[in-house]
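What follows is the residue order along each chain.
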Amino acid sequence: MWLEKFLLMYMLTVFNSLDGYFLDNQLQNTGRHRRKESKDMKMQHNSSNSLAIGSNNSQFLTKNNTRVVSQRGGFAILPCSVTMSTPATISWFRKKDKTLLTVGLSTYSSDDRFFVEHTRHLGNWALRIKNAREDDEGLYECQISSHPPQSIFIELRIVEAVAEIIEAPDLHINEGSTLRLECKLKRATESPLYVFWYHEDRMVNYDVDDGITVANTKFSSSVLTVRNATARHGGNYTCAPANARQASIYVHVLKGEKPAAMQHPDKTTAATSSSSSTLIHFVHYIPT
């Protein structure tokens, strides 16, 4: 009897052990399956996120429809800064005639005035145009070769810089005083490479022995000074900056004359002529 009980207990123990073994294996397999499923879901999630931002791997730092104003004859610089997480190529197009200008650092236009200025650590791919002209005005497209391609547009406007001399067109000074002529630039977008001053047909920037000095005081200003001016310093002066329309002024050096009489030399003659004409007209109609 005791032997039967012993065998029954032994079989129950073995059965429980096997059941626990199968249960543990099932739990382990279930856990592995869940972990695998979680891992697969995570990979799918990352993959979906990657696909979702695939078109945004590149981001423009330059604002779309940015307007650039440059002066005629100068450098036009069209900005295009980007951040790229994957390799891509930057290209520039001219919108009005759909001309491909540059690809990467290579210029594809037959016009060698166009080239790319690249600063790698800033992600800068600026398009530079040398000796800008009026017909360069318009929209330009900066494009990233992503899938699909991404673009921004930059508007270029060309203006003409103009020189202006204060007190023009005539200036009257007394002999022995200081002649000071200031030339300012309007609508200038860059500092001129030079500003030449001419007295009549002679360039006088370096005529120090004649008492003439020229100094560029600001970005768009040049000043000519003559101390103790004499009669020989009178005449026409011209301010001629690089890439800007020049301006002129006529200087009168006086020896005690009244500036009003010098400025309007024909007023007295014109007034006398007008009076005489009126008098003749009046006498002509006097009844006899």
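What comes next concerns the included structure.

## Some words on the sheet that holds strand E9 (residues 124–129)
- On the basis of which strands lie adjacent, the open sheet formed by 3 strands has the order E3-E9-E8 and antiparallel pairing. The sheet is open, and its two edges are formed by strand E3 (76–78) and strand E8 (114–119), each paired on a single side. The sheet shows a mean angle of 30 degrees between the axes of neighbouring strands, direction not considered.
- Sheet topology places E8 next to E9; 6 bridges connect them, and they run antiparallel. Within E9, the position partnered with Glu117 by the bridge is Ala126.

## A word on the sheet that holds strand E7 (residues 106–107)
- An order of E2-E11-E10-E5-E6-E7 is seen for the 6 strands of this open sheet, with the pairing classed as mixed. Every interior strand has two partners, whereas the edge strands, strand E2 (66–71) and E7, have only one.
- The pairing of strand E10 (residues 138–144) with strand E11 (residues 150–159) spans 7 bridges and is classified as antiparallel. Its bridge partner being in E11, Tyr140 is matched across the sheet by Ile154.

## Let's talk about the environment of Arg94
- Among the structural elements, Arg94 can be located in strand E5 (residues 90–94).
- For the pair Arg94 and Tyr140, spaced 46 residues apart in sequence, the C-alpha to C-alpha distance is 4.7 Å.
- When neighbours within four sequence positions are excluded, Arg94 is seen to be in contact with Thr99, Leu101, Phe114, Leu139 and Tyr140.

## With respect to the state of the cysteines
- Summed over the entire model, instances satisfying the criterion amount to 2 disulfides.
- Between the sulfur atoms of Cys80 and its disulfide mate Cys142 the distance is 2.0 Å. Between Cys80 and Cys142, the disulfide has an S-S torsion of -75 degrees and is therefore left-handed. Taken together, the residues span a long stretch of sequence, with Cys80 in the loop between E3 and strand E4 (82–84) and Cys142 in strand E10 at a distance of 62 residues.
- Each bonded cysteine in the chain gets a number by its place in the sequence, and the pairs come out as 1-2, 3-4.

## Some details on the pattern of salt bridges
- The tally for this structure, following the rule as stated, stands at 13 salt bridges.
- Between Arg94 and Asp97 there is a salt bridge, with its nearest N and O atoms 3.0 Å apart.
- For Arg94, a relative accessible area of 15% corresponds to the buried category.
- Take Asp97: its relative accessible area is 38%, and that puts it in the partly exposed class.
- Note that Arg232 is salt-bridged to Asp210, the shortest N-O span being 2.9 Å. Linking Arg232 in the loop between strand E18 (221–226) and strand E19 (235–241) with Asp210 in the loop between strand E16 (202–203) and strand E17 (212–218), this pair joins segments that are 22 residues apart in sequence.
- Classification of Asp210 by relative accessible area gives partly exposed; the value is 26%.
- Within the structure, one salt-bridge network assembled from shared partners comprises Arg72, Glu134, Glu160 and Arg245.

## So, the environment of Glu117
- Within the element layout of this structure, Glu117 appears in strand E8.
- Residues Glu117 and Leu127, 10 residues apart in the sequence, show an inter-C-alpha distance of 6.3 Å.
- Among residues more than four places away in sequence, those in contact with Glu117 are Asn124, Trp125, Ala126 and Arg128.
- A distance of 3.1 Å separates polar atoms of two side chains, one belonging to Glu117 and the other to Arg128.

Conventions we followed
Residues numbered from 1 in each chain as written. Predicted model: local features only at pLDDT ≥ 70, side-chain atom pairs only at ≥ 80, totals over all residues. Heavy atoms only, no water. Pairing = 2+ DSSP bridges. Helix = DSSP H or I, 4+ residues; strand = E, 2+ residues; numbered from the N terminus. Axes fitted to C-alpha atoms, helices over the stretch in contact; angles between N-to-C directions. Contact = heavy atoms within 4.5 Å. Disulfide = S-S within 2.5 Å. Salt bridge = Lys/Arg side-chain N within 4 Å of Asp/Glu carboxyl O. Buried < 20%, exposed > 50% of the residue type's maximum accessible area, 1.4 Å probe, protein only. Polar contact = N/O pair within 3.5 Å; in protein donor to acceptor, adjacent residues only side chain to side chain.

Honestly, that's just the spatial picture; any functional story needs more than this.
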